[in-house]
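# Breakdown of the fold
Here's the letter readout for the chains.
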Amino acid sequence: MSGLWVVGLLVLLVLISVVTSTLITGISPQPSHLAARHFIIQQTQQLLGSQASRTLVDLGSGWGHLVVPLARRFPQHQVIGYELSFFPWLVSCLLKKLLGLDNLKLYRRNFLQADLSQADLLICYLVRPTMHKLAARLEHLDSRPRFLLSHFFSLPGYSPLHTWQLPDWHQSPFYLYCLDKQQPTESLNHV
Ligand SMILES: C[S@@+](CC[C@H](N)C(=O)[O-])C[C@H]1O[C@@H](n2cnc3c(N)ncnc32)[C@H](O)[C@@H]1O
């Protein structure tokens, strides 16, 4: 009985923590679905696959559903995940340890306050208000990351290099931006 109480309390704690961070960030730690993950890995292969030692950053890495396969698939690259929600971040750290992924770094931090200038590829699955904040943050970087691949929402003020809609039942839109060759097309000061 006391064992059940402990499990119940733990589940409640996880729920409260996840709901609180969802209210703060505006998005739950819901993983990208399988087809979206395959698509991201395929695009990463096309953009950076043949290159030596690049830096991939998942902006909001959740439970690790994307950073873990990326780190396994591209051992030559450095994969970085930023996540604010405590339990998802903790689970992804356990997976990293368990799988011995030395090329994966996981930070429990707000990516809007992180130095993203050295990234070659940013990947995100966020909500529109956060995309506005991300666009404003990118505008103030001296050197911008090369590419941004966004699942679901576009980046305000930038023109995508490519857009896709996956043919599965989610019909997820994807946007690819080449950030280092592009100035924002409109002022982001008022977004
Ligand atoms: C929809 S999940 C995506 C998880 C993972 N990237 C994937 O594709 O499977 C979005 C995650 O972004 C995190 N997040 C949102 N804003 C954030 C911020 N400013 N800093 C760090 N993490 C953030 C949320 O906590 C959530 O776990």
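Use the structure listed above.
The sections below set out a description of the structure shown in this document. All of these numbers come straight from a predicted model, not from anything done at the bench. (Residues numbered from 1 in each chain as written. Predicted model: local features only at pLDDT ≥ 70, side-chain atom pairs only at ≥ 80, totals over all residues. Heavy atoms only, no water.)

## Side note on the packing of aromatic side chains
How we decide: In summary, the pairing rule links any two rings of Phe, Tyr or Trp, Trp by its six-membered ring, whose centres are within 6.5 Å, and it sorts them by plane angle into stacked for under 30 degrees, edge-to-face for over 60 and tilted for everything else.
In total, this model carries 7 aromatic pairs according to the counting rule given. Among the aromatic residues, those joined into a cluster by ring pairs are Phe39, Trp164 and Phe174.

## Examining the pattern of salt bridges
Inclusion rule: When a carboxyl oxygen of Asp or Glu lies within 4 Å of a side-chain nitrogen of Lys or Arg, that pair is called a salt bridge. Put simply, DSSP marks the helices as runs of H or I at least four residues long and the strands as runs of E at least two long, and each gets a number from the N terminus on. The cut-offs for exposure are 20% and 50% of the maximum accessible area for each residue type, with area from a 1.4 Å probe on protein chains only; residues under the lower value are buried, those over the upper are exposed, and the others partly exposed.
Evaluated as defined, the whole model comprises 1 salt bridge. Between Arg54 and Asp120 there is a salt bridge whose closest N-O contact spans 3.8 Å. Here Arg54, found in the loop between helix H2 (34-48) and strand S1 (55-59), pairs with Asp120, found in the loop between strand S3 (104-107) and strand S4 (121-124); they are 66 residues apart in sequence, far enough to count as distant. What makes Arg54 partly exposed here is its relative accessible area of 28%.

## Notes on the side chain of Thr130
For the record, the criterion: The contact criterion used is simple: two residues touch if any of their non-hydrogen atoms lie within 4.5 Å.
Here Thr130 lies in helix H5 (residues 128-139). For Thr130, the contacting residues outside a window of four places in its chain are Thr25 and Phe111.

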